Amino acid sequence: MPQVGVMGETELERVAVTPFVHQVGGHTCVLQVTPNVICKPYQENEALFYINLPEGLRGFVPFYRGVINISCDISNSCIKFYGEVPKGLARFIPETYEEEDTLTVIDHGIQDSDCKQGLRDWSDQCVRRQIDRYGYWSEGRSQKFIMLENLVAPYRFPCVMDLKMGTSHRSPDASEAKRRMLEERWMSTTSSSLGFRMCGIQVYKNNSKSYVSHDKYYGRGLDKSGVKNEMLNFFHDGVSLRKDVIASIVTKLRQMLAVLETQCAFKLFSCSLLILYEGDSDVTNDSRDVPMAPSFDTNVPSSSNDVRLIDFANAIGISSCSKEDLASKAGIRFGIQSLVDLLEEII
C-alpha cells in the first residue's frame, strides 16, 4: 500500500525510541520518536484513512508522518525500543537511553519529579500488554508503526482527556465471544446513552503541582452524573474551574461537528476524541485556530487548548462499506453533541 515518505530521505539510521508518558487511554502502546512525533502500531485501515484524509478534517486529526519500523530489545528486565528513521530526522532524537531507567527517559520538560507521578502507569501497562498479550517482537522481528504528530508537544503541563466516541462498534474479524463482550461493554457504559465514555484523563493541579490520573477502568464505571463530575475534575486546575477553556473547547467541538456533518468519504466507527489544554494557569497563548503542519524539530504556535479525533482502525471508506456498515449508526456526531451539551451545563 502507499506510504508517505519523511523529509525526502531514503537512508535509514537506528535510533532510540521511548515510551510516551502522556498516553492516558487505548490498549496498544504509543512510543515517542522525537519531541514532536509519536508512533503507534500500524493498522492498514488507519494508514489508509490518514493517506486519503478529507481536506475538511485536516485541522481535527493529528498530522500523519509516515511509517517507521520499531525493534525491541529486552535484556536484564529492561525494555528498550529502537526505530529506523531517515538520517535527516535522526539529529532530532537523543542518541541513547539514560541508564538509570529505560522506561522513564521522557521528562517532557517537567523538572519536578513529583509532577511525574501518575504519568507513567498507563503507558507502562500498554507496553507490557503489547509484548505479553499481543506477542509483538516475540521472534525478534521489527514491527511496523505509523508516525503521528505529538499533540501534547506545545504544552508545558498537558492536561489530556481520552473519550471513546460513538454508540456502536465494528469488529468484523472478532470472534463471536469478543463481539458479545464489546456489545455488552457499549451497552453497560455511557457509550449507549451519551455516545461516548471516559477512557482516561490526566490533569495538572496547580495547587499541589502534581498530576491526577484516571484510566479506562475507572471511566467504564461512571454514569452520566459521574461523567459530569469527572469533567468538572478535569477542567479544574486545582485553583479554579477553567470556564475559559471549556468555552473554547465547545466552540472547537461545534466546528468539528460541522465538518463531520458534511464529510462523506469515510464512515467512522469507535474512534476516540482527545481534549487537551495547558495545565499551567500562568501560560496563555490562544493564537491558533486551525493547526499548521508541525515540523520534526520545532513546535508550531499553539492555542492553549485543542480537540482532535484519533484512532481510525475502524474507519472505512464509503466505497468499501458493506450494506451492514452503511446501515449502522456509528453515533460519533451524537456523542460530540452530547459532550457539547454536557459542557454547556457546566459553564
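Keep in mind the model is a prediction, meaning the values are calculated, not measured.

Description of the pairing of strand β7 (residues 158-165)
- With respect to burial, β7 is a largely interior element, 8 of its 8 residues being buried.
- Neither face of β7 is exposed, since P158, V160, D162 and K164 on one face and C159, M161, L163 and M165 on the opposite face are all buried.
- Pairing of β7 with strand β8 (residues 196-205), which is carried by 6 bridges, proceeds in the antiparallel orientation. Each residue of the ladder has a partner; that of D162, found in β8, is G200.

Overview of the nonpolar core
- One finds F49, L163, M231, F235, L273, I275 and L343 to be the most contacted residues of the largest nonpolar core, which totals 67 residues.
- Examining the composition of this core, we find that 9 residues originate from one element, helix α9 (residues 243-262), more than from any other.
- If we ignore the near neighbours within four places in the chain, the residues touching M231 are M161, L163, F196, M198, L339, L342, L343 and I346.
- Among the nonpolar cores identified, the runner-up in size contains 21 residues, and L31, C39, V85 and W122 belong to it.

Focus: the packing of helix α8 (residues 224-234) against helix α11 (residues 332-346)
- For the pair α8 and α11, the least separation of the axes is 10 Å and the interaxial angle reads 60°. The two elements α8 and α11 meet at a crossing, and its hand is right-handed. On α11, the residues touching K224, V227, K228, M231 and L232 of α8 are L339, L342, L343, E345 and I346.

A look at the confidence of the model for the protein chain
- Averaged over the protein chain, the pLDDT score is 83; the fraction of residues at 70 or greater is 80%.
- Element-level mean pLDDT values for the protein chain span from 48 in helix α3 (residues 113-116) up to 98 in strand β12 (residues 305-310).
- Counting interchain partners and residues more than four positions distant, the pLDDT-below-50 stretch residues 1-9 has 23 contacts.

Observations regarding the pattern of salt bridges
- Per the counting criterion, the structure on display carries 11 salt bridges.
- The shortest N-O distance in the salt bridge between E344 and R254 comes to 2.7 Å. Remark: R254 occurs in helix α9 and E344 occurs in helix α11; sequence separation between them is 90 residues.
- Note on E344: relative accessible area 35%, which makes it partly exposed.
- The exposure class of R254 is partly exposed, given its relative accessible area of 39%.
- Taken together, the shared-partner salt bridges connect K40, E46 and D311 into one network.

Some remarks on helix α1 (residues 44-51)
- Buried residues of α1: E46, A47, F49 and Y50, and no others. Viewed along the axis of α1, the buried residues span an arc of 155°, placing them on a single side of the element.
- Summarising the contacts, the buried residues of α1 are in contact with β3 (37-41), β4 (64-75), β6 (143-149), β10 (266-268) and β13 (315-317).

What about the sheet that holds β4?
- Taking strand neighbours around the barrel as the criterion, the 6 strands line up as β1-β2-β3-β6-β4-β5 in a closed arrangement whose pairing is antiparallel. Between one strand axis and the next, the sheet turns through 40° on average, direction left out of account.
- Two elements, β4 and strand β5 (residues 78-86), share 7 bridges in a ladder whose sense is antiparallel. In the sheet register, D73 faces β5, and the bridge partner there is K80.
- The strands touched by α1 within the sheet are β3, β4 and β6, with β6 carrying the most contacts at an inclination of about 35°.

Here we look at unusual backbone geometry
- Phi angles above zero are rare outside glycine, and W137 is one such case at about 65°.
- With respect to the secondary-structure elements, W137 resides in the loop between α4 (121-132) and β6.
- With phi around 65°, D311 is a residue other than glycine that occupies positive phi space.
- On the secondary structure map, D311 appears in the loop between β12 and β13.
- Judged by relative accessible area, which is 22%, D311 ranks as partly exposed.

As for the sheet that holds β12
- Spatially, 5 strands are ordered β9-β8-β7-β11-β12 in an open sheet, and the strand pairing comes out antiparallel. Edge positions in the open sheet fall to β9 (210-215) and β12, since each of these has one partner strand only. Averaged over all pairs of adjacent strands, the angle between their axes in this sheet comes to 15°, without regard to strand direction.
- Pairing between strand β11 (residues 272-278) and β12: 6 bridges, direction antiparallel. Paired with Y277 across the two strands is N305, which belongs to β12.

A closer look at the packing of aromatic side chains
- A complete count under the given rule lists 15 aromatic pairs for this structure.
- Between the aromatic rings of F49 and Y50, the centroid separation amounts to 5.7 Å while the plane-to-plane angle is 75°, which identifies the pairing as edge-to-face. Each member of the pair, F49 as well as Y50, carries the same accessibility label: buried.
- Note on F157 and Y204: the rings are 4.1 Å apart at their centroids and 5° apart in plane angle, and the pair reads as stacked. A residue pair is termed long-range when its members are at least 10 positions apart, and F157 in the loop between β6 and β7 and Y204 in strand β8 qualify at 47 residues. Pair check on accessibility: F157 and Y204 agree, each one buried.
- For R14, the ring lying beneath its charged end belongs to Y82, and the centroid distance is 3.9 Å.

Thresholds applied
Residues numbered from 1 in each chain as written. Predicted model: local features only at pLDDT ≥ 70, side-chain atom pairs only at ≥ 80, totals over all residues. Heavy atoms only, no water. Buried < 20%, exposed > 50% of the residue type's maximum accessible area, 1.4 Å probe, protein only. Helix = DSSP H or I, 4+ residues; strand = E, 2+ residues; numbered from the N terminus. Pairing = 2+ DSSP bridges. Core = buried A, V, L, I, M, F, W, Y, C linked by side-chain atoms within 4.5 Å. Contact = heavy atoms within 4.5 Å. Axes fitted to C-alpha atoms, helices over the stretch in contact; angles between N-to-C directions. Left-handed = near helix turned anticlockwise from the far one by under 90°. pLDDT = per-residue confidence, 0-100. Salt bridge = Lys/Arg side-chain N within 4 Å of Asp/Glu carboxyl O. Arc of directions from axis to C-beta. Phe/Tyr/Trp six-rings, centres within 6.5 Å; stacked < 30°, edge-to-face > 60°. Lys NZ or Arg CZ within 6 Å of the ring centre and 35° of its normal.

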